[in-house]
Structures are given as C-alpha cells and as structure tokens.
Amino acid sequence: MNKYRTHNCNELRKTSVGNSVTLSGWINKKRDHGNLLFLDLRDNYGVTQCIIDKDNSKFKELEKMQLETVIKIEGKVIDRSNETINKDISTGEVEVTIINFEVLGTCKELPLPVFSDQEYSEEIRLKYRFLDLRRKKIHQNIILRSKVISFIRSEMIKLGFLEFQTPILTSSSPEGARDFLVPSRLNPGKFYALPQAPQQFKQLIMVSGFDKYFQIAPCFRDEDARADRSPGEFYQLDLEMSFVEQEDIFDVVEKLMIKVFKNFSDKKILFEKFPKITYSDTMLKYGTDKPDLRNPLIISDITKLFVRDDISFEIFKKLVKKGSIVRSITIKNIKDKPRSFFDGIDKWAKDQGSSGLAYFTLEKNQKISGKGPVGKFFSEESLIELMKLTNAEVGDTIFLSCGKQSDVEKILSLARTKIAEELNLIKDDHFAFCWIVDYPIFELDELTKKIKFSHNPFSMPQGDIHNLDLSKPLSLKAYQYDIVCNGIELSSGAIRNHIPELMYKLFDIAGYSKKDVENKFSGMINALSYGAPPHGGIAPGIDRIVMLLANEKNIREVTMFPMNQNAQDLMMNAPSEIEESQLKELSLSLKTKK
RNA sequence: GGGGGUGUAGCUCAGUUGGUUAGAGCGAUCGCCUGUCACGCGAUAGGUCGAGGGUUCGAGUCCCUUCACUCCCGCCA
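Structural notes, computed from the coordinates. (Residues numbered from 1 in each chain as written. Chains lettered and ligands numbered in written order. Predicted model: local features only at pLDDT ≥ 70, side-chain atom pairs only at ≥ 80, totals over all residues. Heavy atoms only, no water.)

The subject of this paragraph is the nonpolar core. Judged by nonpolar contacts, the single largest core of 66 residues is most densely connected at Val 260, Phe 261 and Phe 433. When residues in this core are grouped by element, the largest group, ten residues, is from helix H6 (residues 246–264). Setting aside chain neighbours within four positions, we find Phe 433 in contact with Met 257, Phe 261, Ile 269, Phe 271, Phe 274, Pro 275, Leu 293, Ile 483, Val 484, Cys 485 and Leu 490. (Core = buried A, V, L, I, M, F, W, Y, C linked by side-chain atoms within 4.5 Å. Buried < 20%, exposed > 50% of the residue type's maximum accessible area, 1.4 Å probe, protein only. Helix = DSSP H or I, 4+ residues; strand = E, 2+ residues; numbered from the N terminus. Contact = heavy atoms within 4.5 Å.)

Written out as structure tokens, the structure is:
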C-alpha cells in the first residue's frame, strides 16, 4: 500500500463509511470553531472535508497549519447527518475524522490566495504561476487542454496520420515573422533559428513518401503579444497530406473540428458544413479575413452612389472623385435609440483613429427620406438605390465610412463588432466556423509599390498550372485557405506548389532571382526536383481551439507557463544575462546599451 | 515604435473640490467559540499611496518625467 494515500480527495462516498483511510493533499480551507476544526483537503481530483476536535492531542498543532500546507491525514470515513450534507462537492455526503496527521510540505505566507474566485494582476499570477495553477478555473482549463490534445492525437491516428517530430534547431527563414536565433558554437558567426512552423519539414516529409503527417508542433515567432497571441511560442496541430485537393483537407479538418468541439463544449455549432467565403467577399461584407459569423451585420459598398447629382454630400463626393470608396453597415431596429447612442458610435470610431462614422435612418412619410445629421444630403431616388445596394428597408439605420479601401475595411470591421456587442446581437452560446478561400497570391506593398507575396510563397496557384497566365499577377488566386471560428483565425493552410519551375516564376514576380530562391530555400527546391507528390495541409492553432472551448478571451488562461507581454518569464527569470565565458564560447560580444 | 487603461497594506479594492492621524474585506498574529462548508465574534500588527521632480501654506488627489503590468495599432509568409 502506498504510504501517502489510500484514496484521492474525490473518491470517498457513502459506501466508504466506516473505512480507515489515508489522504494526502493541500489544506484548501479551514473553518476553526475553537474546539472543533473543519479542514478541506484538496488534490487534483477534488476536495474532502476532514474534521478534528480538541479531544485529539494533535488538535492544537493542526489548528495552526497555514493554508496550502501539504499534509497526510489518517482517519476514518464517517456519515454526515442530513442537514450537514454539502451538495456542492461530490464527497459531500461523508467526511473524514482525523486520527493522525503529518506535514509533507510546509507553506510560507501566501502572496496570493488559492481558495478565492477573485481576479489577480497578471504580474503576481505569472510570478507565482505554480500557486495560480492550483486555482480551480485555470486548473480545469489546463486539464481540458491536455484532454483536447489527447483526443486530437487519437483522432488523427485513427484517420491514418503518422506523428513525426521535426527539428527545433533549424535555419532562419527570410519570409514571415522575426525568428528566434540560437548562436552556433561549432560554427562561429552562424545561427540556428527556432522554427516559426515546421512548414518546410512537413513538405519534405511528403516528398519522403510518408503520405499523411501530423504533429502537435511548437512554433516560435518573435512578435509582439496580443490577448490571443502568446509571445514566444505556441502550438499547432500541424498536418500535411499527399495526393490531395483542397476539398480533401477541408473534409478532414471539418470532421475533426466538429468532433472536438462537440466533445468538449455544449455550445451549438451553427454550420455543420462550414461556409466557404472568398477572400474578396469577406473583405467586402465583413471588412476582415476573420469574420465572426455569429454577428448578423453586413457591410455593403455604395461608392457608386456618390457620383449622382441628387446627392449633395460634398465631402464624400470629393473624396470619391479622388479614389476613395464608401461602404456602409445596415442595422435594424435602432431608430428609437437616443441620439447619444449614435454619437457615441461616431466618437468611438474617431477614438479608433478613423475620421468617424456618418449615419442616418431611413424614414417614410410621404416619401422616403434620411433622418439624422447627413440624411438631408440624399434624394428619395438615391435612397431607393441605396436600399437596393444594401438590402436596407425603411426604418433601418445606415452607418457610412468613406476613405481609402483598407481604412474603410478596418473601421467598419471594428464597428460591426462594436455595434453588435452594444446591441447584444452576438450569440455567445454558438460556434460559427467558416473557410476563407481564394486568397490572392500577390499584393501591392503600399510603401514600396512593389508586388510581394501576400501569404505563403509556397502555395499553389489556381488555374492551369502548365499554362498559367502570369501577366496580371495581382489577380492570381492561390489554393490557400484559412479556417475561422467566432472571429478568431484558427489556422491557415494551402495546397503547396510542388513544381520548382513554377515556383521560380512566382518568386521572380516578387523580385527574387532564381539564385535567391536556391539560396534561401535550397532544401525545399532541391527536394521538389526529385519527384515530389502534389500535397497540401493546414495547421490549426491548439491554444486558440482550447481558448474557444474554455470560453476564455485570453490565451494565457489556457497556457500553463506563459510569458508576459514583454516576453519575460517572471517565474523563471527568462530571458536572463549570461556569463562572459558563454559569450566567448559562442564567439559573441555584446554592444552595451547606454 | 505609437495610443489607451491601471498602479494605495501580503491579496482585492475605496479614498469627495487639494485640507487633521490614508480606510474596508480577505490573509497574517493573538484570544473566544463543537456542525461549519465564503463559519462567527473581538483585538493586534502591517503603508517610501510605483519612482523622481514640480505647483501649493498644504499633494494619494493637480502638472511634468519615468518605470511596471495590461489592452490595442504597427508587426504576425
């Protein structure tokens, strides 16, 4: 028999009454009645109420024990009388009379209470993460994460995927995010990079003939943090398949996501067949490539109205003449909101750095007119045309934004969320998945006016790949796709370009010579020249999936040991300074900052 | 790199128009209490009000600088 426990703290039931037991755990809470002490003992599994009174010679000693001390209790399981049963815990019908106890781990005065539902500053939580992780909610989140990962792993294996590990020390990649670099001792002046994703390796695995690969892969990107983006590292369900088309990837991922989300959440999945939205459609209708489809509000383009002579909204007309666009959001049932609501939205938009949002409500007395600050600028005919373009009806309110396309998209995307939240239009108990498809391969760099890859340079262009018309590169689409849930981008993927000649051509358009490509992607290009299968894949973000399932808004609530916003681990003191001798060994010297 | 928010006891927070000795709950320490499950009651200790500078007869409160944490923009093929 184990010397620490015969049962865990969530095992004892009425059937155990009369048994002698040994329990070990943390002192979760004490209720001291002076001559009678209730003590809740907690472990990973649950809580058991233990009890001791002054007749026991150990009473005084136990009464003085700090919360969170680890103790072993020997005692007897006894029945609780009806009126003292605690229905909130599963061991609540019984309790353990303490006969003897032993301290296994002492505890200093706590910097943060464990038994409390209070919120604490992240600073203290991260510094004492081991205490924070004992707290119920985050403890359960981390357990959920473990279960989700196990579930995914077993589903992937069932689907015939093979799990492989890929190198953590690899080469720096010229495209994409900033790399974390590791100096090489044996190769002075040279650096490894931590992989931003196992992108090239998984393609090499396909070229190696393994057909279906997956990995719960750590990815390292040296980028600034957000609520849904940990600095440093995160995890992806990285997967790749050979001899597949886009639909084959969708099929695997849709089935997997539905299984995972049904298994681990009670929320309803809005579309079991995930809608496919083209990139250009989503940018128009939602202003973003990660739309929250729980939100019913839709954006419309009404630029062409502003050449009409019967609209006298001169500011917008002038801007449109110079190339600006006008888009609008239509909202139902808010015409009776107070003026302060509308002005509040306008002010909010200005605070977001935009030039604000114009608005008016469609009215009909004798004829249709616009009510609100800019309503008077519109004739009846122009409003009828606007109603056609926006699917608006009399009584609806229209918010308008005019400006550069990317600015209009950005502010209306934010406004769509803001307004829906204010009006409570977003159903919180739903998951709304969708695919974003048909991404353009190239885009124009606004600063340099040069053509650059808009996403993954290894994606396969759509169309006849043997006779591709490269004369209009900006209109080329790729077999590149994102999966989005509730406005959170879960993952990007693509059918890869496995034809070296075509890759050279595409890189050429983005300004890379054949030599550049061979230098930067030698491993890949070389491999693709020795019989590469058509292949493609995707990499859903594990942390974000768990975040959605745990109903958390912050990724650190589902990450065991996250870093803070400045990419510091307050518990381990990372990053830290290193010895001069270590630097020397690596042939490095530091330029000391002033 | 830029913008917003926050910073007062170990923890969570209050602190009025600038005005006496900066408060509460939890926690800690001590005492009382045999059926609690957020046990109750009483007492005690605990504060460079993030730091520095300024305005003022007087600053937790107003101004400037700075630091930390956080949210957002940039960035994230």
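Alright, that's what it looks like, and here's the rest.
Let us look at the protein's contact with RNA strand B. By nearness alone, 52 residues border RNA strand B, and Lys 29, Asp 32, Asn 35, His 455 and Asn 566 come closest of all. In RNA strand B, atoms within 4 Å of the protein come 53% from sugar and phosphate. Take Gly 176: an N or O atom from its main chain is 3.1 Å from a sugar or linking oxygen of RNA strand B. Contact distances for RNA strand B include 2.6 Å between a phosphate oxygen and a side-chain N or O atom of Arg 556. Elements with a contribution of two residues or more to the surface near RNA strand B: strand E1 (20–32), strand E2 (36–42), strand E3 (47–53) and helix H2 (122–127). Grouping the amino acids of the surface near RNA strand B by side-chain chemistry returns 13 nonpolar, 19 polar and 20 charged. (Near = heavy atom within 4 Å. Polar contact = N/O pair within 3.5 Å; in protein donor to acceptor, adjacent residues only side chain to side chain. Nonpolar A, V, L, I, M, F, W, Y, C, P; charged D, E, K, R; others polar.)

Let us now look at the packing of aromatic side chains. Each aromatic ring pair is summarised here by two numbers: the centre-to-centre distance and the angle between the ring planes. Counting across every chain of the model gives 29 aromatic pairs. Note on Phe 151 and Phe 264: the rings are 5.4 Å apart at their centroids and 90° apart in plane angle, and the pair reads as edge-to-face. Of this pair, Phe 151 sits in helix H4 (residues 136–158) while Phe 264 is found in helix H6, placing the two residues 113 residues apart along the sequence. Classification of Phe 151 as buried rests on a relative accessible area of 17%. Ring centres of Phe 164 and Tyr 213 lie 6.4 Å apart, and the angle between their planes is 5°; on these two criteria the pair is classed as stacked. (Phe/Tyr/Trp six-rings, centres within 6.5 Å; stacked < 30°, edge-to-face > 60°.)

Attention now moves to the side chain of Glu 63. On the secondary structure map, Glu 63 appears in helix H1 (residues 59–63). Its relative accessible area of 12% is what places Glu 63 among the buried residues. Excluding its chain neighbours within four sequence positions, the residues that come into contact with Glu 63 are Lys 30, Asp 32, Gly 34 and Leu 37.

Strand order in this open sheet of five strands is E13-E14-E17-E15-E16, and the pairing throughout is antiparallel. Here the strands that pair on one side only, and so sit at the sheet edges, are strand E13 (299–301) and strand E16 (368–371). For this sheet, the mean inter-axis angle between neighbouring strands, taken without regard to orientation, is 30°. Relative to strand E14 (residues 325–331), E13 is paired through three bridges, and the arrangement is antiparallel. Bridge pairing in E14 places Ile 299 opposite Ile 329. Packed on one face of the sheet, helix H10 (residues 380–390) meets E13, E14, strand E15 (358–364), E16 and strand E17 (397–403) and runs near 80° to E16. The sheet contacts of helix H11 (residues 405–422) involve E13, E14 and E17, and relative to E14 the element is tilted by about 10°. (Pairing = 2+ DSSP bridges. Axes fitted to C-alpha atoms, helices over the stretch in contact; angles between N-to-C directions.)

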